Amino acid sequence: MSAGDSFAVQAGPASGAAKPSLVGMTRVELSAALAEAGVAERERRMRVSQIWHWLYERGATDWGQIANVSKAVKSALAERFTLARPEIAAEQISSDGTRKWLMRLPPVDAHDRGAEIECVYIPEPDRGTLCVSSQVGCTLTCSFCHTGTQRLVRNLTTAEIVAQLMVARDRIGDFPLSAAKRDPKCRAPEEGLRLVSNIVFMGMGEPLYNLGNVTDAIAVMADGDGLSLSRRRITVSTSGVVPEIGPLGHEAGAMLAISLHAVRDELRDKLVPLNRKYPISVLLDACRAYPGLSNARRITFEYVMLKGVNDSDADARELVRLLKGIPAKINLIPFNPWPGAPYECSEWSRIERFSGIVFDAGYASPVRTPRGRDILAACGQLKSETEKLSARARLMLDADPEASP
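Residue indices follow the written sequence of each chain, beginning from 1 at its first position. Totals for whole chains, interfaces and linings use every residue, but because this is a predicted model, local features are given only for residues with pLDDT of at least 70 and side-chain atom pairs only at 80 or more, for both listing and counting. Side-chain metrics rest on all non-hydrogen atoms present in the structure, leaving aside hydrogens and water.

Here we take up the overall build of the protein chain. Going along the chain from the N terminus, every DSSP run of H or I of four or more residues is numbered as a helix, and every run of E of two or more is numbered as a strand. A count of helical and extended segments in the protein chain gives 10 helices and 11 strands. Reported accessibility uses the Shrake-Rupley method at a 1.4 Å probe radius. Residues are deemed covered only where the shown protein chains occlude them. Of the roughly 17,600 Å² of accessible surface on the protein chain, a fraction of 51% belongs to carbon and sulfur atoms.

Geometry of aromatic contacts follows a simple scheme: Phe, Tyr and Trp rings, the Trp one being its six-membered ring, pair when their centres are within 6.5 Å, and the pair is stacked under 30 degrees between planes, edge-to-face over 60, tilted otherwise. Following the criterion strictly, the structure yields 3 aromatic pairs and no others. Judged by centre distance (4.6 Å) and plane angle (70°), the ring pair of Trp-52 and Tyr-56 falls under edge-to-face. With Trp-52 and Tyr-56 both in helix α2 (residues 41–58), this residue pair falls 4 residues apart, about one helical turn. Residue Trp-52 shares its accessibility class with Tyr-56, and that shared class is buried. Plain terms: the ring middles of Phe-335 and Tyr-343 are 6.3 Å apart, the flat faces sit at 80° to each other, and that makes the pair edge-to-face. Only protein chains enter the accessibility calculation, which uses a 1.4 Å probe. A residue is then buried if its area is under 20% of the maximum for its type, exposed if over 50%, and partly exposed in between. Among the residues examined, Phe-335 registers a relative accessible area of 3% and is labelled buried.

Its location among the elements puts Thr-238 in strand β8 (residues 234–238). Residue Thr-238 is classed as buried on the basis of its relative accessible area, which comes to 1%. Identification of polar contacts relies on pairs of N or O atoms within 3.5 Å, with a donor-acceptor requirement for protein atoms, meaning one able to donate a hydrogen and the other able to accept it, and with residues adjacent in sequence counted only if both atoms are side-chain atoms. Within the structure, the side chain of Thr-238 is placed 2.9 Å from the side chain of Glu-206, a separation counted as a polar contact. One polar contact links the side chain of Thr-238 to the main-chain amide nitrogen of Val-241, over a distance of 3.3 Å. Contact definition: two residues touch when any of their heavy atoms are within 4.5 Å. For Thr-238, the residues in contact, after removing those within four places along its chain, are Glu-206, Leu-208, Ile-245, Leu-256, Ala-257, Ile-258 and Ser-259.

Points on a 1 Å grid, built from protein atoms alone, make a cavity when a 1.4 Å probe fits but cannot get out and make a pocket when they are open with protein on both sides within 12 Å along at least 5 of 7 lines; residues with an atom within 4 Å of a point are the lining residues. Grid points are joined across faces, edges and corners, and a volume is the space filled by probe spheres set on the points. According to the stated counting rule, one finds 1 cavity of 30 Å³ or more in the structure shown. Looking at the largest cavity, its volume works out to about 50 Å³. Three categories are distinguished: nonpolar for Ala, Val, Leu, Ile, Met, Phe, Trp, Tyr, Cys and Pro, charged for Asp, Glu, Lys and Arg, and polar for the others, with Gly belonging to the last. Classifying every residue of the lining of the largest cavity gives 7 nonpolar, 1 polar and 2 charged.

Turning to the packing of helix α9 (residues 313–322) against helix α10 (residues 348–360), a few remarks are in order. Following both chains from N to C, one finds α9 and α10 inclined at 30°, their axes separated by 9 Å at the closest point. Here α10 runs roughly parallel to α9, going by the angle between their axes. Here the hand of the crossing between α9 and α10 comes out right-handed. In this structure, α9 contributes Asp-313, Asp-315, Ala-316, Arg-317, Leu-319 and Val-320 to the contact, and α10 contributes Arg-350, Arg-353, Phe-354, Ile-357 and Val-358. Tallied by class, the residues present in the contact of α9 with α10 amount to 6 nonpolar, no polar and 5 charged. Axes, fitted as lines to C-alpha atoms, cover a helix only where it is in contact. Angles between the N-to-C directions of the axes lie from 0 to 180 degrees. Small angles under 35 degrees read as roughly parallel and large ones over 145 as roughly antiparallel, with 65 to 115 read as roughly perpendicular and the rest as oblique. Crossings are classed by handedness, with left-handed meaning an anticlockwise turn of the near helix from the far one by less than a right angle and right-handed meaning a clockwise turn.

So, about the sheet that holds strand β7 (residues 198–201). Sheet architecture is open: 9 strands sit in the order β1-β2-β3-β4-β7-β8-β9-β10-β11, paired in mixed fashion. For this open sheet the edge positions go to β1 (87–93) and β11 (328–334), each flanked by a neighbour on one side alone. When the angles between neighbouring strand axes are averaged without regard to direction, this sheet yields 20°. Two strands qualify as a pair provided DSSP detects at least 2 bridges between them. The sheet contact formed by strand β3 (residues 115–124) and strand β4 (residues 127–131) spans 5 bridges and is antiparallel. Residue Pro-123 lies in a different strand from β4, and its bridge partner there is Gly-128.

Detailed conclusions should not be drawn from predicted coordinates in areas where pLDDT is low. The share of residues in the protein chain with pLDDT of 70 or more is 83%, and the mean pLDDT across the chain is 85. Considering only residues more than four positions removed or in separate chains, one finds that residues 1–16, a stretch of pLDDT under 50, has 38 contacts. Counting interchain partners and residues more than four positions distant, the pLDDT-below-50 stretch residues 377–405 has 83 contacts. Every residue carries a pLDDT, the predictor's confidence in it, which falls somewhere between 0 and 100.

A word on the pairing of strand β2 (residues 99–105). One face of the sheet, then the other: side chains in a regular strand alternate in exactly this way. For β2, a buried count of 6 out of 7 residues is recorded, marking the element as mostly surrounded by other parts of the structure. Both β1 and β2 contribute to a ladder of 6 bridges, which runs antiparallel. Its bridge partner lying in β2, Glu-87 is registered against Arg-104. Pairing geometry for β2 and β3, over 7 bridges, is antiparallel. The residue of β3 that forms the bridge with Trp-101 is Cys-119.

Positive phi values are uncommon outside glycine, yet Ser-228 reaches one of about 60°. With respect to the helices, strands and loops of the structure, Ser-228 is situated in the loop between α5 (211–222) and β8.

Where helix α1 (residues 27–36) meets α2, the axes come as close as 9 Å, and the angle between the chain directions of the two elements is 115°. For the element pair α1 and α2, the recorded crossing hand is right-handed. Between α1 and α2, the contacting residues are Arg-27, Leu-30, Ser-31, Leu-34 and Ala-35 on the first element and Arg-44, Arg-47, Val-48, Ser-49, Ile-51 and Trp-52 on the second.

Turning our attention to helix α8 (residues 280–288). Among the residues of α8, those classed as buried are Ile-280, Leu-283, Leu-284, Ala-286 and Cys-287. Buried residues along α8 cover an arc of 155° about the axis, so they all sit on one side. Of the surrounding secondary structure, the elements contacted by the buried residues of α8 are α6 (242–252), β9 (255–259), α7 (265–271), β10 (299–305) and α9. Of all possible arcs, the one meant is that of the directions from the helix axis to the C-beta atoms.

Turning to α2, a few remarks are in order. To estimate how far a helix should extend, the number of its residues minus one is multiplied by 1.5 Å. Helix length check: α2, at 18 residues, gives a terminal C-alpha distance of 25 Å against a target of 26 Å (1.5 Å per residue), a fit within 8%. Looking only at α2, the buried set comprises Glu-43, Arg-47, Val-48, Gln-50, Ile-51, Trp-52, Trp-54, Leu-55 and Tyr-56. Of the residues one or two after α2, Gly-59 is the one with positive phi, at around 85°.

The following block contains the structure:
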């Protein structure tokens, strides 16, 4: 025990009980874990800072890697907690470099049998974007989205959301302690910038139906002494849970994206059934009031291009009219097909025509390049049932879970 250490070792978990992991914990939860291990209150703040650094800045996966905490404190923690990440059940790598992980989560309580979620990493020349999930399944049943065909199982915890970023940084060698195993195909977009530079809550689930855990996860991700992501590089996408849009801005300070996809209520009612509760006019009023909204912090409106459904010139002009006065950019998303999908993607010429009308009205209207279509990792394609991953499409991990892909 080093000078200044003062704690009473408490009894560890009952024999046979699974140890929880410290990975993904907030500072408050980490302090409580130290208290459980018997660390005196006057020392907890220092120990939280030390362990926080090793978890979130260095990427420690083993107690032996933590250098400036006494053996006695580490031993007391190790009796009760692990530094484990969720298990990677399967990994797929697209021909375009996109990576998709199927993560298996341990049970959160006696009634939970465990669950699986998907997380996608998209490397680009100027950034590396991680698309994270906020729920197991989804409750919104958007008709163009594959995830919407999977029933909602439960919300993800704060730790489970943060752990997706931890797993991604482990796998691509984005932590100092894992950089030696970095895949040579993964290159940082800018000198000094980590491979995962942006987070989008656009995976499985509706983030605003899990706002508390999402907000806490963003706080961990944005902490300057750890994962250090700028809140301007964290975007939360919602289908339009209007009452939670304001609180998201106040509490998380994240960038906002709206899954719009239609300019008429009767069509949006079919594409995004939540519209029946919060119609377009109500949703856009909430957007105009979003905290911090400015030309520097524009709202992204996502618009999936569906052949013969929402892609006419008239739709484009109405979209421009609806968004008047809102600092915005419009992401046009070519529909990504999935087995049994009831829609087709608009022709490229039609997408370009639509984009031109929006652009001429003064709005940035980039067409999102489909990424990871060949592994069902593109927008709207995520669905976590293991059986949908064919043995041929799946790239299973080596026997050594630490091995580079």
